[in-house]
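Survey of secondary and tertiary structure
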Amino acid sequence: MKNKILIGSSLIVLIALICIAIAPSATGQAGADKACDERLLNVLNPSISTKMVARVPLAPRADTLEGKTIYMVDLQWGGPEAAYSVFEEMQGWFARNMPSVKTEVRRSKGGWMGGDDPELRKEIIGKKAAGVIVGIGG
Amino acid sequence: MSRFARRLEEESKIPTVGASGINVVKFKDYELKYSNGMPIRYVAFPFPVAGQPKSVHKAYVEGKDLLGGKPMMQAIIEALTKPLTDEEKKSGIPPEGAPQPRLLKPDTEANLQRLFKEKEWTDFNPIILPTEERVAAMLKATSHKPNEAVSKMGSRELTVEKAAAIAVMAGAKPEYFPTMLAVLTQAASFGNSTSSMASMIVVNGPIRKQLGMNSGTGVMSPYSEPNSVIGRAFALAGKIMGDLRLKETVYTSIGNNLQYNNVCVAENEEELPQGWEPLSVELGYKRTDNVVSIGTGWSYISSVGEAQLNHPPHMMFRDYMRSLAGMGATIIMDPTVAGLLRDAHGFKTKAELSEWLSKNVEVAAATYWGNGVNATASSPMAFQGLEPFATWQKVPPETLIKPFTNAKAIQFVVAGGKIQTTWFATDFRLGRGILIDSWK
């Protein structure tokens, strides 16, 4: 009986020793993963440099608009009626508050996307406008 | 607005002030540095301005400038009369900042993934980091030099090497790279509009099979690696090329979910009915050419259900196209729909169908002008007396007009698995096509 217990115990210990020998080391695998996670990588920078454009100064301003002509140019964002009444309101404000300022409201043929209207620019320059309010997007 | 203002200020020395909604004006500082160069003075109204009633416009003029907080008219007068500051008198090229380094500082995978997201170089799906080894492998797929320009936008230049890095990020195999390069020649046109623009990518030619692109069942769904990855690369490149960062430069109010994949499909050329040519052939190429066509648009409407005899597909196309802006259209249809249109309804070529739709799609003039993009883009032409816009602007609003004046702007792509007679009507306008082999 004692011999049977001894043999059984020995077998259990032997099996346990075999399992320990063939099982992967838990500490070893975790260590390999950690080393991999901490590895430093050289990667390319995908971003693209943007150069700042050359600066152009604003035109000098006159001291006052009194007695002068200003233009209001509607670039027609959203169509010819979308924001035109804003300019009409501004025109009304000048008429009430600064009646010496002559105001002209125009729609630009170039529109918001095309932008330019050479005939209108010629008119503005010809009238020696003291200023131009241009808009209105949004 | 800033171009018009700058021209007056610079050439004619006439003071200007730009007036817009705050949604536009808040990007003025970026525009000054990288686009216009002139420190235009602005005033900002609340948004929206366009389309508001007169009472609101009156309140805006009587209210405050949202940029400086002063009464609006005072702000306008000061913008036109206050003496220039030293900053506003500056001229010349600013000192150039340090160029972007070719390589990032070496770091762990986790840190780099976090950095790429923070810099908004991704679509917020996981990316493959562009290590030197991976990029070198990608570059072997093209004969073009690494520092050669693929696409330019102002001073910003997408080189072949940068494109390779982006291709790696998107998960591409090197064999996809020439196709990606062809697509990325258009990277600068990735949508950043206040409206919801998106792109479409259509591939034709033998390269579809060589790459394993999907043109059949589930062609518009996530079932194909090259369809997914090529479309994704355009999104990544477009963001990087455009320096599109959410709080700095992006002004698309809602955006467009199509931007994740840019509707990247291959045409099912093998299932085209007799007489119907691939899109690339319609654009002037040979069937043996490998071509990619890129388009831009906004809208994408599903047929929902299958074709019905009493109201066949071309009539449904006509009906659905009334919802499109009218600048162009691309209809993506299953081969069974193309077969029906040819055999049961007599459209022997794609061009015949285009012509029919051009003549039969009608909308009320009010509907046409009610679309803000049409109003902004076409009104100046009406204003200049150009037809048909001049007439369309004068007719009573309920008058029916035919907005698709150019039949060639109505295009068709046949794709799908012949499982159902379904289709999509879109307002995407496809470009002239780019030869992929020139990028091998």
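Up top you'll find the structure we're talking about.
Residues numbered from 1 in each chain as written. Chains lettered and ligands numbered in written order. Predicted model: local features only at pLDDT ≥ 70, side-chain atom pairs only at ≥ 80, totals over all residues. Heavy atoms only, no water.

1. A short note on the overall build of chain A
For the record, the criterion: Strands here mean DSSP runs of E at least two residues long; helices mean DSSP runs of H or I at least four residues long; both are numbered from the N terminus. Working definition: with a 1.4 Å probe on protein chains only, accessible area under 20% of the residue-type maximum means buried, over 50% means exposed, and in between means partly exposed. Only heavy atoms enter the contact rule, under which two residues are in contact if any of them lie within 4.5 Å. Per-residue and other accessible areas were derived by the Shrake-Rupley procedure at a 1.4 Å probe size, with only the shown protein chains allowed to occlude residues.
Along its length, chain A carries 5 helices and 3 strands. The helix and strand sequence of chain A, counted from the amino end, reads α-α-β-α-β-α-α-β. Put simply, chain A has 138 residues, and 42% of those count as buried. In chain A, the share of contacts with a sequence separation of at least 24, taken over all contacts with a separation of at least 6, comes to 70%. Here chain A has roughly 7,600 Å² of accessible surface; of this, 62% comes from carbon and sulfur atoms.

2. A short note on the sheet that holds strand 8 (residues 300–302) of chain B
Residues and elements named next belong to chain B. Convention followed: Here the rule is simple: two strands pair whenever DSSP picks up at least two bridges between them. Helix axes use the C-alpha atoms of the stretch in contact, all axes being lines fitted to C-alpha atoms, and the angles between their N-to-C directions lie in the range 0 to 180 degrees.
One open sheet accounts for 4 strands, arranged 8-13-9-12; its pairing is mixed. Of all strands in the sheet, those bounded by a partner on one side alone are strand 8 and strand 12 (410–414). Each neighbouring strand pair of the sheet contributes to a mean axis angle of 20°, computed without reference to strand direction. Judged from the 5 bridges that link them, strand 9 (residues 329–333) and strand 12 form a sheet pairing that is parallel. Within strand 12, the position partnered with M333 by the bridge is V414. In this fold helix 13 (residues 313–321) packs onto strand 8, strand 9, strand 12 and strand 13 (423–426), with an angle of close to 35° to the strand it touches most, strand 13. Set on the sheet, helix 14 (residues 335–343) makes contact with strand 9, strand 12 and strand 13; between it and strand 9 the angle comes to about 105°.

3. Let's talk about the sheet that holds strand 2 (residues 42–45) of chain B
The strand order across the open sheet built from 5 strands is 2(A)-1(A)-3(A)-1(B)-2(B), with neighbouring strands paired in parallel fashion. In this open sheet, the two edge strands, each paired with only one partner strand, are strand 2 (102–107) of chain A together with strand 2 of chain B. The average undirected angle you get between the axes of adjacent strands in this sheet is 20°. The pairing of strand 1 (residues 69–74) of chain A with strand 2 of chain A spans 6 bridges and is parallel. Across the sheet, the residue bridging to D74 of chain A is R107 of chain A, located in strand 2 of chain A. Contacting strand 1, strand 2 and strand 3 (131–137) of chain A together with strand 2 of chain B, helix 3 (residues 84–97) of chain A runs over the sheet at an angle of about 165° to strand 1 of chain A. Sitting on the sheet, helix 5 (residues 118–126) of chain A is in contact with strand 1, strand 2 and strand 3 of chain A, with an inclination near 165° to strand 1 of chain A.

4. Let's talk about the pattern of salt bridges
Formally: What counts as a salt bridge is simple: a side-chain nitrogen of Lys or Arg found within 4 Å of a carboxyl oxygen of Asp or Glu.
Tallied over the full model, the rule gives 34 salt bridges over all chains. We note a salt bridge from R342 of chain B to D343 of chain B, for which the minimum N-O separation is 3.3 Å. For K402 of chain B, the salt bridge is made with E362 of chain B, and the minimal N-O distance between the two is 3.1 Å. Placement of the pair is K402 of chain B in the loop between strand 11 (400–401) and strand 12 and E362 of chain B in the loop between helix 15 (350–360) and strand 10 (363–364), with a sequence separation of 40 residues. By relative accessible area, E362 of chain B is classed as partly exposed at 29%. Among the ionic contacts, a cluster of salt bridges with common partners joins K102, E104, R106 and E123 of chain A.

5. Remarks on helix 3 of chain A
In plain terms, the rule: To estimate the expected span of a helix, count its residues, drop one, and scale the result by 1.5 Å.
Helix length check: helix 3 of chain A (14 residues) gives 20 Å between terminal C-alpha atoms against 20 Å at 1.5 Å per residue, within 8%. Residues of helix 3 of chain A that are buried: Y84, S85, V86, F87, E89, M90 and F94 of chain A. Packing partners of the buried residues in helix 3 of chain A comprise strand 1, strand 2 and strand 3 of chain A together with strand 2, helix 4 (54–62) and helix 5 (72–81) of chain B.

6. Details of the interface of chain A and chain B
Definition in use: Two parts placed together each lose some accessible area; with a 1.4 Å probe, that loss summed over both constitutes the buried area.
Listed per partner, the contact involves 71 residues of chain A and 99 residues of chain B. Here chain A packs against chain B, burying approximately 7,600 Å² in sum over the two surfaces, 67% of which is carbon and sulfur. Of all residues in chain A, L44, R55 and R61 of chain A bury the most surface against chain B, accounting for 12% of the area lost on that side. Run the count over chain A and chain B and you get 4 salt bridges. A salt bridge links E87 of chain B to R55 of chain A, with the nearest nitrogen and oxygen atoms 3.3 Å apart. Looking at the side of chain A that touches chain B, the elements with two or more residues in it are helix 3, helix 4 (111–114), helix 5 and strand 3 of chain A.

7. Description of the environment of S215 of chain B
All names here are of chain B. Here S215 shows up in the loop between helix 10 (207–211) and helix 11 (225–241). Overall, S215 belongs to the buried group, its relative accessible area being 7%. Considered as a pair, S215 and A415 are 200 residues apart in the sequence and their alpha carbons are 5.4 Å apart. Other than its neighbours up to four places away in sequence, S215 contacts R208, A266, E267, N268, A415 and G416.

8. Quick look at the layout of surface pockets
Residue and element names in this part refer to chain B. Our working definition: Two kinds of site are reported from a 1 Å grid over the protein atoms alone, namely cavities, where a 1.4 Å probe fits but cannot get out, and pockets, open sets with protein on both sides within 12 Å along at least five of seven lines, and residues are called lining when an atom falls within 4 Å of a point. Grid points are joined across faces, edges and corners, and a volume is the space filled by probe spheres set on the points. Each residue is assigned to one of three groups, with Ala, Val, Leu, Ile, Met, Phe, Trp, Tyr, Cys and Pro labelled nonpolar, Asp, Glu, Lys and Arg labelled charged, and all others, Gly among them, labelled polar.
Computed from the structure, the second largest pocket encloses a volume of approximately 940 Å³. Listed by contribution, the elements that provide at least two residues to the lining of the second largest pocket are helix 3 (28–36), strand 4 (156–159), helix 8 (160–170) and helix 11. Take the lining of the second largest pocket: its biggest share by element is 3 residues, from strand 4. Here the residues of the lining of the second largest pocket sort into 15 nonpolar, 9 polar and 12 charged.

9. With respect to the side chain of T249 of chain B
All names here are of chain B. Under the convention used in this document: The term polar contact refers here to a pair of N or O atoms within 3.5 Å; inside protein, the definition further demands a hydrogen-donor-capable atom paired with an acceptor-capable atom, and it admits residues adjacent in sequence only when both atoms are side-chain atoms.
Within the secondary structure, T249 is located in the loop between helix 11 and strand 6 (264–266). A distance of 2.8 Å separates a polar atom in the side chain of T249 from the backbone nitrogen of R245. Ignoring anything within four residues of it in the chain, the contact list for T249 reads F27, Y30, N192, D243 and L244.

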